[in-house]
Amino acid sequence: MKHTYADLGSAFSSPVQPQPLDNPELVSSNREVIEQLSLDSYSQEELTQLCNGSKPLNESSPVAMVYAGHQFGSWVSRLGDGRALLLGELHGADGKLYDLHLKGAGLTPYSRSGDGRAVLRSTIREYLCSEALHHLGIPTTRSLCLINSTTPVYREKTETGAAMIRVAESHVRFGTFEYFSYSKQHEQLQILADYVIWRHFPQWQDDESRVEKLLAEAVTRTAEMIALWQAAGWCHGVMNTDNMSILGHTIDYGPFGFLDGFDAGHICNHSDWQGRYAFNRQPEIGYWNCAALTQALLPILPAGQEKAEVILKTYPKAFASRYSSLLRAKFGLVTAQENDNKLIDPLFTHMQEEKTDYTVFFRALSQGNAEDVFIDRERFHAWHQKYQERLASEGRSEDEVRKGMLAANPKYILRNHLLQIAIDKAESGDYNEVQRLLDIMKKPFDEQPENESYAALPPEWAGELEISCSS
Ligand code: AMP
Ligand code: MG
């Protein structure tokens with residue numbers, strides 16, 4: 001059994017035994033990830049125990065990882081896994097090594113004022129949304145299994161403790177580098193960088209400029225991940241540097257949300273008073289976070305600050321180029337033309353003014369019935385005429401365009417109200433809806449006639465849901 005991260009030693013993590021919850025009950029398990037990790041031989045009972053920390057993952061000993069981070073722009077010198085443990089590592093069917101990370105496992109040396117627990121509702125949200133994003137083609141941590149328990153956990157009201165195991169190639173964050181950099185542990189900073197390179201980019205191991213390459217890769221991947229979020233209309237909610245994966249994978253799902261009615265300035269996190277992490281600010285915050293990573297890596301970048309800045313400055317272009325190609329695909333366009341922004345911007349203005357549902361609109365556009373989603377249809381028609389001309393200029397068949405658009409514009413997204421319904425049912429002991437949402441979100445681009453209602457516009461109460469940071 002591998003635990004290469006724990007093997008880095010006590011500067012990087014602390015051994016912690018999970019504290020099992022009472023009367024654990026399996027809420028859901030994810031067949032795909034089970035198979036990917038060759039855990040098929042586990043019975044439901046064994047998965048439940050694994051997720052409850054009462055069955056060790058082979059002989060591996062769990063650790064809590066240390067990190068730091070910029071939270072809402074302010075430096076916090078020590079954070080770390082306050083309620084999660086790295087259980088160990090397993091080889092996937094693809095030959096890659098994966099971390100198994102148990103969230104909700106009890107107190108650790110990094111719990112600060114927290115109780116080390118996670119409640120059912122927040123765990124369901126993370127469990128389902130990681131899978132939803134994965135199936136939309138967005139790099140993310142994955143979900144293995146989820147349990148509920150009878151252990152009381154106190155938030156605004158008494159809730160039940162829950163736990164989930166997530167799976168990722170890495171749980172190293174921008175904040176992990178920041179921790180070693182700002183605490184002047186530069187030797188450990190180099191060890192961390194070499195560890196990440198050894199594990200994920202072994203081809204660079206002997207390269208003198210390997211840290212530069214790592215930075216460049218992190219910058220590009222982050223830009224591209226955020227381009228994918230923007231195109232999907234997805235808001236992370238807490239883009240602190242401790243929630244940014246060094247591999248550019250979406251990690252740490254809290255108050256995230258998909259856009260319902262289009263609102264560029266949408267703030268999905270109820271505690272984000274200033275809208276630092278508003279939907280339309282995500283790209284620049286990604287850049288800000290990459291700047292923080294660049295700063296943290298400076299002590300081990302032999303080429304120095306000037307070169308580091310050149311690397312950092314590749315971010316805007318990487319973002320713009322990925323985002324525009326994703327957006328083109330949503331409109332069924334394959335070539336870039338100079339005036340494309342002039343075509344698209346007025347449409348977004350119209351959508352903003354009418355709060356047109358983002359996902360419903362693009363799906364309808366793919367199917368040729370988008371006018372139905374607008375109030376001012378004349379205004380939409382005028383736009384649509386120009387759009388048709390632009391499409392025609394590419395000379396592709398209608399059928400081809402439509403196929404491409406249906407593959408770029410999902411029908412099913414994990415809207416907050418769908419989650420809320422599943423959470424309400426789960427809190428009263430019925431877990432079927434969680435599994436059902438998981439199944440639906442595995443095929444977001446497919447027509448699923450039996451699940452049509454899950455693609456409908458959100459009910460009015462959806463706008464009143466308030467979701468905040470860690471719970
Ligand atoms: P998050 O905003 O969820 O990324 O969490 C920020 C930091 O707070 C991380 O270091 C978490 O491990 C820690 N944390 C969040 N919730 C709890 C909790 N209930 N108990 C202990 N630590 C927590
Ligand atoms: Mg976090």
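Residues numbered from 1 in each chain as written. Chains lettered and ligands numbered in written order. Predicted model: local features only at pLDDT ≥ 70, side-chain atom pairs only at ≥ 80, totals over all residues. Heavy atoms only, no water.

Topic: the site of ligand 1
Stage number 1. With respect to spatial proximity, 17 residues lie near ligand 1, and among them Gly80, Gly82, Gly116, Asn243 and Ser470 are the closest.
Stage number 2. The contact in question runs from an oxygen atom of ligand 1 to an N or O atom on the backbone of Gly82, over 2.8 Å.
Stage number 3. Within the side chain of Arg112, a nitrogen or oxygen atom sits 3.0 Å from an oxygen atom of ligand 1.
Stage number 4. Against a free-state accessible area of 480 Å², the protein chains account for coverage of 87% of ligand 1.
Stage number 5. Among the residues making up the shell around ligand 1, the classes are represented as two nonpolar, eight polar and seven charged. (Near = heavy atom within 4 Å. Polar contact = N/O pair within 3.5 Å; in protein donor to acceptor, adjacent residues only side chain to side chain. Areas by Shrake-Rupley, 256 points an atom, 1.4 Å probe, with all protein chains shown as cover. Nonpolar A, V, L, I, M, F, W, Y, C, P; charged D, E, K, R; others polar.)

Considering the packing of helix α10 (residues 340-354) against helix α11 (residues 358-367)
Stage number 1. Put simply, α10 and α11 touch, their axes get as near as 11 Å, and they point 130° apart. When the interaxial angle is binned, α10 and α11 end up oblique. Of the two elements, α10 crosses α11, and the hand of that crossing is right-handed. Of α11, the residues touching α10 (which contributes Leu347, Phe348 and Met351) are Tyr358, Phe361 and Phe362.
Stage number 2. Taken together, the residues of the contact of α10 with α11 break down into six nonpolar, no polar and no charged. (Axes fitted to C-alpha atoms, helices over the stretch in contact; angles between N-to-C directions. Helix = DSSP H or I, 4+ residues; strand = E, 2+ residues; numbered from the N terminus. Parallel < 35°, antiparallel > 145°, perpendicular 65-115°, else oblique. Left-handed = near helix turned anticlockwise from the far one by under 90°. Contact = heavy atoms within 4.5 Å.)

Some words on the packing of aromatic side chains
Stage number 1. With the rule as written, the count across this model stands at 27 aromatic pairs.
Stage number 2. Note on Phe262 and Tyr358: the rings are 5.9 Å apart at their centroids and 25° apart in plane angle, and the pair reads as stacked. Of this pair, Phe262 sits in the loop between β12 (257-258) and α7 (282-297) while Tyr358 sits in helix α11, and the two are 96 residues apart along the sequence.
Stage number 3. The buried category is assigned to Tyr358, whose relative accessible area is 2%.
Stage number 4. Between Phe319 and Tyr323 the ring centres are 5.5 Å apart and the planes differ by 10°, which places this aromatic pair in the stacked class. Of the two residues, Phe319 and Tyr323 both sit in helix α9 (residues 315-331), four residues apart, roughly one turn of that helix. (Phe/Tyr/Trp six-rings, centres within 6.5 Å; stacked < 30°, edge-to-face > 60°. Buried < 20%, exposed > 50% of the residue type's maximum accessible area, 1.4 Å probe, protein only.)

A few points about the coordination of the magnesium ion (ligand 2)
Stage number 1. Protein ligation of the magnesium ion (ligand 2) involves Asn243 (OD1) and Asp252 (OD), the donor distances falling in the range 1.9 to 2.2 Å. For the residue pair Asn243 and Asp252, the accessibility class agrees, reading buried in each case. (Donors = N, O, S within 2.8 Å, 3.2 Å for Na, K, Ca; no water.)

Thoughts on the side chain of Arg390
Stage number 1. When you line up the elements, Arg390 lands in helix α12 (residues 377-392).
Stage number 2. Overall, Arg390 belongs to the buried group, its relative accessible area being 8%.
Stage number 3. Reaching out from Arg390, the side chain makes a polar contact with the backbone oxygen of Thr335 at a distance of 2.8 Å.
Stage number 4. When neighbours within four sequence positions are excluded, Arg390 is seen to be in contact with Leu333, Thr335, Ala336, Gln337, Asp340 and Leu343.

Regarding the domain arrangement of the protein
It is common to report an interface's size as the accessible area lost on association of the parts.
Stage number 1. When the domains of the protein are assigned, the result is domain 1 (6-168) and domain 2 (174-325).
Stage number 2. A straight line from the C-alpha centre of domain 1 to that of domain 2 covers 22 Å.
Stage number 3. Contacts between the two partners involve 33 residues from domain 1 and, on the opposite side, 36 residues from domain 2.
Stage number 4. Interface area, domain 1 with domain 2, both sides summed: about 2800 Å², of which 65% is carbon and sulfur.
Stage number 5. On the domain 1 side of the interface with domain 2, the three residues burying the most area are Phe12, His70 and Phe72, jointly 22% of the side's total.
Stage number 6. Run the count over domain 1 and domain 2 and you get three salt bridges.
Stage number 7. In this structure, the salt-bridge partner of Asp252 is Arg166, at a minimum N-O distance of 2.7 Å.
Stage number 8. Between domain 1 and domain 2 we count 14 residue pairs in polar contact (both at pLDDT 80 or more) in total.
Stage number 9. Where the side of domain 1 that touches domain 2 is concerned, the elements lending two or more residues are β4 (69-71), β7 (97-103), α3 (120-135) and β10 (158-168).
Stage number 10. In terms of residue count, α3 provides more of the side of domain 1 that touches domain 2 than any other element does, five residues in total. (Domains from an automatic or database assignment. Buried area = accessible area lost by both parts, 1.4 Å probe. Salt bridge = Lys/Arg side-chain N within 4 Å of Asp/Glu carboxyl O.)

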